[in-house]
Amino acid sequence: MRAEGIETVRRILCVFPRYTSSFGTFEYAYPLTDGVKAFMPPQGLLLIAAYLPANWPVRFIDENIHPATTEDFEWAEAVFVSGMHIQRQQMNDICRRAHAFDLSVAIGGPSVSACPDYYPSFDYLHVGELGDATNDLITRLARDPSRPGQQVVLKTADRLAMTEFPIPAYELAETRKYLLGSIQYSSGCPYQCEFCDIPGLYGRNPRLKTPQQIVAELDKLRECGMTDTVYFVDDNFIGNRKAALDLLPHLVAWQKRTGYITRLACEATLNIAKRPEILQLMREAFFVTVFCGIETPDPDALKAMHKDHNMMVPIMEGIRTINSHGMEVVSGIIMGLDTDKPETADALLAFVDESRIPLLTINLLQALPKTPLWDRLEKEGRLLNDDDSRDSNVAFLLPYDEVVGSWRRCMEFAYEPEKLFARYQYQCEYTYANRLKLPVSPEMKSWANIRRGLIMLRNIFWKVGVLGDYRKAFWKFALRRLRQGDIEGLIGSAMIAHHLIMFARAASGGQQNASNYSIRLREASVPAE
Ligand code: SF4
């Protein structure tokens, strides 16, 4: 549904801020693609764009693709911004630019909802999810779009049911310029991991869309050209297991109807491995990747952070079970925990080798507002929010330099090219081999698709195979893939591997933050062109 009953017309400019260069946005892979410039279309802003009154013209600009121009600001009557903590500096910069045109600027999304005081210059703060605050904002702008005399804070008390959410305005996004498509089925998570802000922000009882909504969204993503991989951004895809089981047969039917050209990915807790009925359906629905917050292989550490559910199955067994259903596991890892010891880095590297997980996001612990960790550390006097020389706001129990040194060592060794390609080799042979064997669809055989593949192969062979300084490890991997006729495995693995290798080198050389949530608010290093 949309906001209704508004006669006045307002022109709204939605601007999504640039990301600070980060491990999880894969920007080093973009030059190997056929024109990807950004990670995923932002769900929140595109949802708001779709919710605005039908007669309000909306422009959407993702500054990861290109910056909002003078002409955009001159066209608009008000500007909407949304983003996460790591985009804080860029969001404040958009606000400053919009104010130069005397435009009202509203901010919503996860960062302002957790920390309204980060955004003193904005005219409207939209705190919370889509709901009565959104209607209030629309009514106020309809009445008068000029800047209010002082900041107005609108808090959602009455959330719109997700079953009433409109389909995000994917048509406004340049879908071909994104690495992944995004979609959301549920919001919230029943667990309470100490460091996580999801239960505090979105609740412990997951809210849901209907399977029919998801199928309609997938159809729309497809119409808009986003066919490669679509990522369920749900905080925990199995937060409500019954809901996951309700949805999956619809996804299987959708894949059968559309020819299985879209790969699916999601985030889920590792105890998904205990649910063969879910894994089986996910395989049939062509889920190819599951991001699991494994966090640490140390059982004491899992207990301390209240993530005992990761131990419902032995961790290695859980990973192998997921792999046996054709899904690669991507793992989140945290360093700097109170339970860390001097030998933690070695244990972690042994885990990387044994698990054969190629992609692990290894971060330093960061205390986020609205988490039990924040509250505990505040009581213990261990929050260091004003020290922007550090990559974490936590006073670790081990010396800071030792923790950061261990992190750098883990990044360097985990992403050493030979080792990384060996892990991808394993995935190609033992995980990807377990995926559905699909007939080649007409869409896959189309010239447009073949052309894309050829462009990516050319880029990979030239930039990595000829010019790259790790070409020996690359060719060892690539020749084996070519001999097996596995072009898809070659392209997918080489692209992501390139990002991991290059990012890890920058990280171990001290040029990248050790935390995705680092309070170091540096200039975004991904240029908007
Ligand atoms: S399981 Fe994941 S989403 Fe849920 S509270 Fe823990 S870290 Fe957060």
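Every value quoted in this text rests on a predicted model; they were computed, and no experiment measured them. (Residues numbered from 1 in each chain as written. Predicted model: local features only at pLDDT ≥ 70, side-chain atom pairs only at ≥ 80, totals over all residues. Heavy atoms only, no water.)

### So, the packing of aromatic side chains
Our working rule: When the centres of two rings from Phe, Tyr and Trp lie within 6.5 Å, Trp using its six-membered ring, the rings pair. Their planes under 30 degrees apart give stacked, over 60 give edge-to-face, and anything left gives tilted. Secondary structure elements follow DSSP: runs of H or I no shorter than four residues count as helices, runs of E no shorter than two count as strands, and numbering proceeds from the N terminus. Here's how the labels work: a residue is buried when its accessible area is under 20% of the maximum for its type, exposed when over 50%, partly exposed in between, all with a 1.4 Å probe on protein chains only.
All chains considered together, the criterion is met by 19 aromatic pairs. With a centroid separation of 5.3 Å and 80° between ring planes, the pair formed by F23 and F503 is classed as edge-to-face. Of this pair, F23 sits in the loop between β1 (12-16) and α1 (43-51) while F503 sits in helix α18 (residues 487-508), placing them 480 residues apart in sequence. Classification of F23 as buried rests on a relative accessible area of 3%. Exposure remark for F503: the relative accessible area of 2% places this residue in the buried category. Both rings, one in F73 and one in F101, keep their centres 5.3 Å apart while their planes meet at 20°; by these two values the pair is stacked.

### Overview of the pairing of strand β3 (residues 78-82)
So the rule is basically this: Strands were regarded as paired on the criterion that DSSP finds at least two bridges between them. Viewed with both strands pointing away, a crossover whose connecting path from the first strand over the helix to the second turns clockwise is right-handed.
For β3, a buried count of 5 out of 5 residues is recorded, marking the element as mostly surrounded by other parts of the structure. By the bridge criterion, 5 bridges tie β3 to strand β4 (residues 104-108) in an arrangement that is parallel. Opposite S82, over in β4, you have G108 as the bridge partner. Between the parallel elements β3 and β4, the chain passes through helix α3 (residues 88-99) in a crossover that is right-handed.

### Some details on the nonpolar core
Counted only if it meets this: Definition of nonpolar core: a set of buried residues of the types Ala, Val, Leu, Ile, Met, Phe, Trp, Tyr and Cys, connected through side-chain atoms within 4.5 Å. In this analysis, two residues are considered to be in contact whenever any of their non-hydrogen atoms come within 4.5 Å of each other.
Counting 152 residues, the largest nonpolar core has F232, F237, M282 and F287 as the members making the most contacts within it. The element contributing the most residues to this core is α18, with 11 residues. Those residues in contact with M282 that lie beyond four places of it in its chain are F237, L248, C266, I272, F287, V290 and M327. Listed in part, the 21 residues of the second largest apolar core include L13, A76, I94 and L125.

### Some words on the sheet that holds β3
Sheets are built from strands paired through backbone hydrogen bonds, the pairs being either parallel or antiparallel. Condition: All axes here are fitted lines through C-alpha atoms, helices being fitted over the stretch that makes contact, and every angle between N-to-C directions spans 0 to 180 degrees.
Taken together, 6 strands build an open sheet; the order of strands is β2-β1-β3-β4-β5-β6 and the sheet is parallel. This sheet does not close on itself; its edge strands, each paired only once, are β2 (58-62) and β6 (152-155). Pairs of neighbouring strands in the sheet enclose a mean axial angle of 20°, with direction left out of account. The pairing of β1 with β3 spans 4 bridges and is classified as parallel. Following the sheet pairing, V15 is matched in β3 by V81. Across the face of the sheet, helix α5 (residues 132-143) comes into contact with β1, β3, β4, β5 (124-127) and β6 while running at roughly 140° to β6.

### Focus: the sheet that holds strand β7 (residues 181-183)
The parallel open sheet is built from 6 strands, whose spatial order is β7-β10-β11-β12-β13-β14. Two strands lie at the open edges of the sheet, namely β7 and β14 (360-364), each paired on one side alone. Along the sheet, successive strands turn relative to each other by an average axial angle of 20°, direction set aside. Against the sheet, helix α7 (residues 211-223) makes contact with β7 and β10 (229-232), and its axis sits at roughly 160° relative to β7, the strand it touches most.

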